[in-house]
There are 2 protein chains.
Amino acid sequence: MTEAPRRRRDRSPAPSRAGYGHLRHPFAPQGAFSDDEIANMHDTALKVLENLGIRILLPEARDILRAGGALVDDDTQMVRIGRDIVTAALNTAPRSIRLRAADPAHEQMFEPGAALFMAGSGCPNVTDALRGRRPGSRESFVETLRLQQSFDVIHMHGPSAEPQDVPIHQRHYALMQDQLTNCTKPLFVYARGRGQVEQSFEMIRLAHGLDEAGFNDGVWATTVINSNSPRQLDIPMARGIIDFARAGQMTLITPFCLAGAMAPVTVAGALVLQHAEALAGITLAQLARPGAPVAYGGFSSNVDMKSGSPAFGTPEHIRANLGSGQLARHIGLPWRSATGAASNTADAQGATETVNALWAAMLAQATVTVHAAGWLEGGLSFGYEKFILDVEALQTLAELCRPAAADTAALAYDAIAEVAPGGHFFAAQHTMERYQTAFYAPLVADLTNHGLWVENGALRADQRATVLWQKALADYTPPAACIGIADRLAPYVARAIEAGGMPPED
Amino acid sequence: MTEAPRRRRDRSPAPSRAGYGHLRHPFAPQGAFSDDEIANMHDTALKVLENLGIRILLPEARDILRAGGALVDDDTQMVRIGRDIVTAALNTAPRSIRLRAADPAHEQMFEPGAALFMAGSGCPNVTDALRGRRPGSRESFVETLRLQQSFDVIHMHGPSAEPQDVPIHQRHYALMQDQLTNCTKPLFVYARGRGQVEQSFEMIRLAHGLDEAGFNDGVWATTVINSNSPRQLDIPMARGIIDFARAGQMTLITPFCLAGAMAPVTVAGALVLQHAEALAGITLAQLARPGAPVAYGGFSSNVDMKSGSPAFGTPEHIRANLGSGQLARHIGLPWRSATGAASNTADAQGATETVNALWAAMLAQATVTVHAAGWLEGGLSFGYEKFILDVEALQTLAELCRPAAADTAALAYDAIAEVAPGGHFFAAQHTMERYQTAFYAPLVADLTNHGLWVENGALRADQRATVLWQKALADYTPPAACIGIADRLAPYVARAIEAGGMPPED
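Residues numbered from 1 in each chain as written. Chains lettered and ligands numbered in written order. Predicted model: local features only at pLDDT ≥ 70, side-chain atom pairs only at ≥ 80, totals over all residues. Heavy atoms only, no water.

1. Some thoughts on the overall build of chain A
Thought 1: Check the secondary structure of chain A and you find 19 helices and 19 strands.
Thought 2: With the principal axes as the frame, chain A shows a C-alpha extent of 80 × 60 × 45 Å.
Thought 3: For chain A, buried positions account for 66% of its 506 residues.
Thought 4: Roughly 16,300 Å² of accessible area belongs to chain A as shown, and the carbon and sulfur atoms make up 52% of that amount.
Thought 5: Side chains of chain A carry 42 positive and 52 negative charges; the gap between the two charge centres is 1 Å. (Helix = DSSP H or I, 4+ residues; strand = E, 2+ residues; numbered from the N terminus. Buried < 20%, exposed > 50% of the residue type's maximum accessible area, 1.4 Å probe, protein only. Areas by Shrake-Rupley, 256 points an atom, 1.4 Å probe, with all protein chains shown as cover. Lys, Arg positive; Asp, Glu negative; His and termini not counted. Charge placed at Lys NZ, Arg CZ, Asp CG, Glu CD.)

Written out as structure tokens, the structure is:
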């Protein structure tokens, strides 16, 4: 073990095995509950919807549900949805959804069995070792988009860090311009009211020269719909469900049910509430437009009983993830999960939280796992170092999505015969033919011995990650598919801003 | 989410839910290879043993194998073992093994389906934030034993850190005295030659007042047998297999096959070599005494191609773990896996490595997972902070070994009915009845918000862990089952040392 590695170190580094752009789940789905218990949760959620109902603040959404057969009380804004209506909606929801992308190589089929990752999203702040923790800005939004673009294990763009230096009535222009001019993977559009959504869709059409038919051919925009648990859907969220459905764009309908806070203190109870709210949203989408692309969303965890903060990577979060996958399979829809970290910094706690939740999402066969890289403080900060560390974890699992060779050559009988007892395989023909691509090449992990590690400054992984995100940003070059888009969008945005912008909807 | 948690913080902390002393695997076993591929690996390993053979340095072991029908060449020390001999050995190996312990509550059934954890073992050095990295000493050995004793998620004692300040011909006395006087879980005995093993067994009998029959009633001592891959078994290891088998004590027969170094560069090839070597050891044990307690051991990973160091938590390590579990199930034996970290410090890399490997061991249904807490630098250091951080990961997975409640009360329909839309569950009767034990209470994870975290010193998880291992050592009290043992052992050890001690066998 002493001679050959030194020789090998003199050679050029092993070529990257990246190629994580399209992944299928390698594991059999695992559950946290029995099939009967899951059927019981589904049934209880249906009872919640038909007996207790859900409060829907948007009159238009209540009208659509009323027309679909739901019992609506406009005074209390309560809507009770019979199980036949939900069942019919589940029958029209598509099982397989084509996600379009500026670069056709980055298109995805969003369907059960596919494994997609989205970076940490929705963070008001950003943090890195060089510049500290600060409110998200347009500059940091662009940087975090470029980081997402730079690693092919990130499959969909998320609204990583909120550009808080852009006024709220103009922010959607920035969110779209920056995604469309820097990135080529499936895009995210916030559902912050009809006006902003329509303008965001228009910017996609302008950027890619799409007519209405082209825009409707597959999904060009995805959004997340969070209900206001328990049992409430606010105006922009309800509007988003309707508008995305009518435009043939995708909604990830995701209650955020924290057991013990906005949801029952038991994981099973939190899942019942999550399921009821997700089914209500899916039903609204299907009534707005049968066949609308929707995904079941699960983002239930527990609150920490000491601090009241959301917890991630805990046993309860893992169970909720596994149970959500079971519920998604019960209704047959593709689904969105999430990892996450409550840690305030990119330390061992943060890694344990994210990696635990990531394994849970993989075993639960999440179609897309959101917040998979860069999420700190339960989503209050996007961490640059955390992003790099999490990409390593994602790449490790992505490697497992490919089958390992086990043919006669891989079983290596001849190599075993060639090497004498007590010898080594460094120089074996079998090794020489394969060593350059045999193993995953670590991104940030440092496997040098302790002496050399000390000599090199005794850096922690998060400290090494600082170098790596800087390098990724320095190496970033605008993708060919983005050329010309800035020019096509600029006049539209200028006119829109001159016309006063577009405030979000409350 | 603002009011109730504050109220709750004023109360006494939630009682611990510890009770991780006896765990059963919660997941369906997962694999990295098809059943056909596993059968093919098994067959190829048998071909290795019958055609190529294994070099066995101990004449007594060769004689036992020769008597069992193997073809032996004493000049080359090569032993070729026919598949009928291996098959017969697998038929006599027990499927279920009772591990005895000083405290009967700490006994374990070592059998498929059981999930046991052993702390990081065999480390020449120790490291902690207060005293730095240093060679293992008797003091640190005792401390790390007490840490193992303090957390019930650690099920078997491992020889954490080598007491290098004790001369090698007396070290086994220290290893046994310190385990027997500080700990009450199943013990470890090094296989460092017949003399040391016999004396170690005698110390167990003395400590617990066991006669020969009592010592043979279940397993009082466990050891790890590492072959000298490729295809070689040295004298102390072969002697250990024979002596433990004859004494009815347990061997974990564990080749350490690093793909690309002492094993073929492919995971499948490394597993073939591992399997052949493990089968040879198991066969020797069963020929020495049919029915001897043995476990299949898998500890294959890859070498890092940049540094030549062993890698852990990598895709290759995960696959090797999953494949080892498949091979163990193929032959029907309980088996030993391992986690591990190559990181030089208790950072995000170390956490990612250990947690990845831990999930792999769980999905592979390892009977015991060794190095599960505290292993750094690929085993060159036992880290006190790392131990605490890993215990958190173990406890998280241990929680999943209990089924989650999903009865009518857990589904919480009434609680959902009670809480108004948009409200919260903090004060719900359902919550009040359960919140104290509803969730896992973190050991080291800090879920306070960023402001409070900064106020409290912005400590990383590893920094908080420093406080926790100190507290565990301060809180340690000698278990009742250890009382009197020191006095029973002292005269024996004094006499043995006076007689010159007992050197290990080369």
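2. Thoughts on the interface of chain A and chain B
Thought 1: Taken together, the contact pairs 112 residues of chain A with 112 residues of chain B.
Thought 2: For the pairing of chain A and chain B, the buried interface totals around 9,600 Å² over both sides, and the portion due to carbon and sulfur atoms is 67%.
Thought 3: On the chain A side of the contact with chain B, Tyr413, Phe439 and Leu447 of chain A bury the most area, a combined 8% of that side's loss.
Thought 4: On the surface where chain A and chain B come into contact, there are zero salt bridges. (Contact = heavy atoms within 4.5 Å. Buried area = accessible area lost by both parts, 1.4 Å probe. Salt bridge = Lys/Arg side-chain N within 4 Å of Asp/Glu carboxyl O.)

3. Topic: the sheet that holds strand 2 (residues 71-73) of chain B
All names here are of chain B.
Thought 1: Spatially, 2-3-1-11 is the arrangement adopted by the four strands of the open sheet, whose pairing is mixed. Both edges of this open sheet fall to strand 2 and strand 11 (232-233), since each of them pairs with a single strand only.
Thought 2: Alignment of strand 2 against strand 3 (residues 78-80), held across three bridges, turns out to be antiparallel. By the bridge assignment, leucine 71 is partnered in strand 3 with arginine 80.
Thought 3: Contacts from helix 3 (residues 59-67) reach strand 1 (54-56), strand 2 and strand 3, with the element oriented near 130 degrees to strand 1. (Pairing = 2+ DSSP bridges. Axes fitted to C-alpha atoms, helices over the stretch in contact; angles between N-to-C directions.)

4. Some words on the packing of helix 10 (residues 267-288) of chain B against helix 11 (residues 315-331) of chain B
Residue and element names in this part refer to chain B.
Thought 1: Axis separation between helix 10 and helix 11 bottoms out at 10 Å; the angle between their running directions is 40 degrees. Here helix 10 is positioned oblique relative to helix 11, judged by the angle of their axes. Relative to helix 11, the crossing made by helix 10 is right-handed. Listed contacts from helix 11 to Val267, Leu271, Gln274, His275 and Leu279 of helix 10 are Glu316, Arg319, Ala320, Gly323, Ser324, Leu327 and Ile331.
Thought 2: A class-by-class count of the residues in the contact of helix 10 with helix 11 yields six nonpolar, four polar and two charged. (Parallel < 35°, antiparallel > 145°, perpendicular 65-115°, else oblique. Left-handed = near helix turned anticlockwise from the far one by under 90°. Nonpolar A, V, L, I, M, F, W, Y, C, P; charged D, E, K, R; others polar.)

5. Quick word on the relation of the copies chain A and chain B
Thought 1: For the pair chain A and chain B, the best superposition has an RMSD of 0.0 Å and corresponds to a rotation of 180 degrees with a translation of 0.0 Å parallel to the axis. Those values place the two copies in the arrangement expected of a two-fold rotation axis. Across chain A, the smallest distance between a C-alpha and the rotation axis is recorded for alanine 348 of chain A, namely 2.1 Å. (Least-squares fit on C-alpha atoms with pLDDT ≥ 70 in both.)

6. Here's the deal with the packing of helix 9 (residues 235-246) of chain B against helix 10 of chain B
Residue and element names in this part refer to chain B.
Thought 1: It is the contact of helix 9 with helix 10, at a shortest axis distance of 8 Å, that shows an interaxial angle of 40 degrees. Taken together, the axis directions place helix 9 and helix 10 in an arrangement best described as oblique. Seen from above, helix 9 lies across helix 10 with right-handed handedness. Residues Ala238, Ile241, Ile242, Ala245 and Arg246 of helix 9 touch helix 10, and the partners they reach there are Gly281, Leu284, Ala285 and Ala288.
Thought 2: Among the residues forming the contact of helix 9 with helix 10, the class breakdown is seven nonpolar, one polar and one charged.

7. A look at the packing of aromatic side chains
Thought 1: Scanning the entire structure with this criterion turns up 25 aromatic pairs over all chains.
Thought 2: Here phenylalanine 201 of chain B and phenylalanine 215 of chain B contribute two aromatic rings whose centre-to-centre distance is 5.2 Å and whose plane-to-plane angle is 55 degrees, an arrangement assigned as tilted. Pair noted here: phenylalanine 201 of chain B is in helix 7 (residues 194-208) and phenylalanine 215 of chain B is in helix 8 (residues 212-216), with a separation of 14 residues, a long-range link.
Thought 3: Through a chain of ring-to-ring contacts, the aromatic side chains of Phe151, Phe382, Tyr384, Phe387 and Trp469 of chain A assemble into a single cluster.
Thought 4: In this structure, arginine 205 of chain A packs its charged tip against the face of phenylalanine 215 of chain A, placed 4.8 Å from the ring centre. (Phe/Tyr/Trp six-rings, centres within 6.5 Å; stacked < 30°, edge-to-face > 60°. Lys NZ or Arg CZ within 6 Å of the ring centre and 35° of its normal.)

8. Re helix 9 (residues 235-246) of chain A
Residues and elements named next belong to chain A.
Thought 1: With 12 residues, helix 9 extends 16 Å between its outermost C-alpha atoms, agreeing within 8% with the 16 Å of an ideal straight helix rising 1.5 Å per residue.
Thought 2: Where burial is concerned, most of helix 9 is hidden: 10 out of the 12 residues are buried.
Thought 3: Buried within helix 9 are the following residues: Pro236, Met237, Ala238, Arg239, Gly240, Ile241, Ile242, Asp243, Phe244 and Ala245.
Thought 4: Where helix 9 begins, the side chain of aspartate 234 points an oxygen toward the backbone nitrogen of methionine 237, at a separation of 3.0 Å.
Thought 5: One or two positions beyond helix 9, positive phi appears at glycine 248, with a value near 70 degrees. (Expected span 1.5 Å × (residues − 1). Polar contact = N/O pair within 3.5 Å; in protein donor to acceptor, adjacent residues only side chain to side chain.)

9. Remarks on the environment of isoleucine 282 of chain B
Residue and element names in this part refer to chain B.
Thought 1: With respect to the helices, strands and loops of the structure, isoleucine 282 is situated in helix 10.
Thought 2: Taking the C-alpha atoms as reference points, isoleucine 282 and leucine 252, 30 residues apart in sequence, are found 9.1 Å from one another.
Thought 3: With sequence-adjacent residues up to four places away left out, isoleucine 282 is seen in contact with Ala89, Leu90, Ile253, Val294, Tyr296 and Leu333.

10. A look at the side chain of glutamate 60 of chain A
Thought 1: Structurally, the position occupied by glutamate 60 of chain A is in helix 3 (residues 59-67).
Thought 2: Setting aside chain neighbours within four positions, we find glutamate 60 of chain A in contact with Arg194, Arg239, Ile242 and Arg246 of chain A.

11. Side note on the sheet that holds strand 9 (residues 187-188) of chain A
Residue and element names in this part refer to chain A.
Thought 1: Pairing is parallel across the open sheet formed by seven strands, whose spatial order is 6-17-16-14-12-10-9. Where the open sheet ends on each side, the last strands, each with one partner, are strand 6 (116-117) and strand 9.
Thought 2: Inspection of the sheet shows strand 6 paired to strand 17 (residues 368-370) by two bridges, in the parallel sense. Paired with leucine 116 across the strands is valine 368, a residue of strand 17.
Thought 3: Packing against the sheet, helix 10 (residues 267-288) makes contact with strand 12 (250-253) and strand 14 (294-297), and its axis sits at approximately 170 degrees to strand 14.

12. Structural notes on the side chain of lysine 185 of chain B
Residue and element names in this part refer to chain B.
Thought 1: Its location among the elements puts lysine 185 in the loop between helix 6 (171-182) and strand 9 (187-188).
Thought 2: Buried and unpaired, lysine 185 has aspartate 152 as its nearest opposite-charge partner, separated by 6.7 Å.
Thought 3: Engagement of the side chain of lysine 185 in a polar contact is seen with the backbone oxygen of isoleucine 154, the distance being 2.7 Å.
Thought 4: Once residues lying within four places of it in the same chain are set aside, the contact partners of lysine 185 are Ala101, His106, Gln148, Gln149, Phe151, Asp152, Ile154, His155 and His157.

13. Points about the pairing of strand 10 (residues 221-225) of chain B
Residue and element names in this part refer to chain B.
Thought 1: Strand 10 sits mainly inside the fold: five of its five residues count as buried.
Thought 2: What you see with strand 10 is no split at all: Ala221, Thr223 and Ile225 on one side and Thr222 and Val224 on the other are buried throughout.
Thought 3: Relative to strand 10, strand 9 runs parallel, the two sharing two bridges. Counted as the bridge partner of leucine 187 is alanine 221 from strand 10.
Thought 4: Where strand 10 lies against strand 12 (residues 250-253), four bridges are found, and the strand directions are parallel. Of the residues in strand 12, the one forming a bridge with threonine 222 is methionine 250.

14. Side note on the pairing of strand 8 (residues 132-135) of chain B
Residue and element names in this part refer to chain B.
Thought 1: By the bridge criterion, four bridges tie strand 7 (residues 125-128) to strand 8 in an arrangement that is antiparallel. Across the sheet, residue asparagine 125 finds its bridge partner in strand 8, namely proline 135.
Thought 2: Here strand 7 folds back onto strand 8, and the loop between the two strands holds three residues.

15. Overview of unusual backbone geometry
Residue and element names in this part refer to chain A.
Thought 1: In this model, serine 229 is joined to proline 230 through a cis peptide bond whose omega is 0 degrees.
Thought 2: The topology assignment puts proline 230 in the loop between strand 10 (221-225) and strand 11 (232-233).
Thought 3: Positive phi values are uncommon outside glycine, yet glutamine 77 reaches one of about 65 degrees.
Thought 4: Mapped onto the secondary structure, glutamine 77 falls in the loop between strand 2 (71-73) and strand 3 (78-80).
Thought 5: Phi at histidine 371 takes a positive value of approximately 60 degrees, unusual for a residue other than glycine.

16. Let's talk about helix 4 (residues 83-92) of chain A
Residues and elements named next belong to chain A.
Thought 1: For helix 4, every residue scored as buried is listed here: Ile85, Val86, Ala89 and Leu90. Seen end-on, helix 4 carries its buried residues on one side only, within an arc spanning 135 degrees. With respect to the buried face of helix 4, the exposed residues turned more than 90 degrees away are Asp84 and Asn91.
Thought 2: Considering only its buried residues, helix 4 is in contact with helix 2 (35-52), helix 10 and helix 11 (315-331). (Arc of directions from axis to C-beta.)

17. Side note on the confidence of the model for chain A
Thought 1: Of the residues in chain A, 96% reach a pLDDT of 70 or more, and the chain-wide mean stands at 95.
Thought 2: Note on the complex model: pTM 0.96, ipTM 0.95. (pLDDT = per-residue confidence, 0-100.)

18. Structural notes on the state of the cysteines
Thought 1: With the rule as written, the count across this model stands at zero disulfides over all chains.
Thought 2: Residue cysteine 183 of chain A stays outside any disulfide, its sulfur separated by 6.8 Å from that of cysteine 482 of chain A, the closest cysteine. (Disulfide = S-S within 2.5 Å.)

19. Concerning the pattern of salt bridges
All names here are of chain A.
Thought 1: This structure, assessed with the given rule, holds 59 salt bridges over all chains.
Thought 2: Residues arginine 205 and glutamate 212 are paired through a salt bridge, measuring 3.9 Å at the closest nitrogen-oxygen approach.
Thought 3: Its salt-bridge partner being glutamate 399, residue arginine 402 comes within 3.2 Å of it at the nearest N-O pair.

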